[in-house]
Amino acid sequence: MNKINRRKFIANTAKTGIALSAASVVPASIFAGSNHQAGLLFTSFDQSPLAYAYNALEPVIDAMTMEIHYSKHAAAYAKNAKEAALAEHVDTSKPIENVLASVSKYSTKMRNNAGGHYNHELFWKTFTPNGAGKPSGKLAAAIDKDFGSFEAFKTKFSDAAKTRFGSGWAWLMVDGDKKLLTASTPNQDNPLMDIAETKGTPLLGLDVWEHAYYLHYQNRRPEYIENWWKVVNWDFVQQRFDAL
Ligand code: MN3
C-alpha cells in the first residue's frame, strides 16, 4: 500500500469507526526495507543511539538527567519490552507500533514497557540543541487551522503537561483525518494504544515523569515545560507530519 492509499485507507477506516492506527495497516516489509521511513513513523524494539551528546541540551536539560534518563530509565523499558515480547510470542523484527495498537491483549508489563520504549524513542528524536522555536510550512499552517495560532497550541499543550497528575506524557498528535489534537496519557501509555482515551499518531511527546526533570528543576514542572520548547526539533516533527 503506498503512502497515498494508506492515508485514504486510514481516513476511510476512521470514518467507518474501526480503530486502527497507521502502524497496524503497514506491512512489516515496509519497516524492513531500505527505502523506508522507520526513523520517522516506525519504531524498533532496540534502543537507538542518541543523535547528540548528553550535555547538548544544556541548560534546558542537564547532562546528568539525560544520561540517567537514556542509559537507565529508557534502557530498562527497552530491555523489559523485549522480555515481554519473548514471553508473549511477539515478533520483535516488526514495528513496536503493532503491539501498541492491540496492547489490551498483552500483559501489564508489555503495556508499561513497550509504551515506555516507544515514548522515549520518539522523545529523543524530538530534541535538538538548535531549536527553531516554532514550526514552519505545512505543519505551522495546520497548527494555525486546528488550534487558532501557535501560541494557542503551546498553551493547550503546556496545560496538558502541567495538569497531568503524577507521571505521564503530553502529546501533539494527528487523528485519522490528519486533524491535530493535544492529549495527555498516564504512566507510559500513549495515543497509539487501543486503550487510549484519545487515539491518534503522536508527532511530539513531552515526558512529565519526575525522572525527566527533577535533578535540575525539582518540583518546578511548569518551568521545565516552558524551557523545553527551546529544544524542540520542529524539523523532525514536520517530517513526521508530512510522512503520515
Ligand atoms: Mn522518561
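Residues numbered from 1 in each chain as written. Predicted model: local features only at pLDDT ≥ 70, side-chain atom pairs only at ≥ 80, totals over all residues. Heavy atoms only, no water.

(A) Main features of helix 7 (residues 137–147). Those residues of helix 7 not exposed but buried are Leu-139, Ala-140, Ala-142, Ile-143, Asp-146 and Phe-147. On an axial view of helix 7, the arc spanned by its buried residues comes to 160°, and they lie on one face. Exposed positions of helix 7 whose direction lies more than 90 degrees from the buried face are Lys-138 and Lys-145. On its buried face, helix 7 sits against helix 8 (150–163), strand 1 (168–174), strand 2 (180–186), strand 3 (201–207) and helix 11 (234–243). Gly-148, located one to two residues past helix 7, shows a positive phi value of around 100°. (Buried < 20%, exposed > 50% of the residue type's maximum accessible area, 1.4 Å probe, protein only. Helix = DSSP H or I, 4+ residues; strand = E, 2+ residues; numbered from the N terminus. Arc of directions from axis to C-beta. Contact = heavy atoms within 4.5 Å.)

(B) Structural view of the environment of Asp-194. Position of Asp-194 among the secondary structure elements: in the loop between strand 2 and strand 3. Counting along the chain gives 92 residues from Asp-194 to Ser-102, while the straight-line C-alpha distance between them is 5.6 Å. Here the side chain of Asp-194 touches Val-103 through a polar contact of 3.4 Å, landing on its backbone nitrogen. (Polar contact = N/O pair within 3.5 Å; in protein donor to acceptor, adjacent residues only side chain to side chain.)

(C) Examining unusual backbone geometry more closely. Of note, the amide linkage connecting Glu-58 to Pro-59 takes the cis form, showing an omega dihedral of 5°. With respect to the secondary-structure elements, Pro-59 resides in the loop between helix 3 (38–41) and helix 4 (63–87). Non-glycine residue Asn-187 carries a positive phi angle of around 55°. With respect to the helices and strands, the residue Asn-187 is situated in the loop between strand 2 and strand 3. Taking relative accessible area as the criterion, Asn-187 reaches 41% and is therefore assigned partly exposed.

(D) Representation of the nonpolar core in the model. Counting residues in each nonpolar core, the largest one holds 67 residues, and the members touching the most others are Leu-180, Trp-228 and Trp-234. Looking at which element gives the most residues to this core, the answer is helix 4, with 7 residues. Beyond its immediate sequence surroundings of up to four residues, Trp-234 is in contact with Gly-133, Lys-134, Pro-135, Leu-139, Ile-143, Phe-150, Phe-153, Leu-172, Leu-204 and Trp-229. (Core = buried A, V, L, I, M, F, W, Y, C linked by side-chain atoms within 4.5 Å.)

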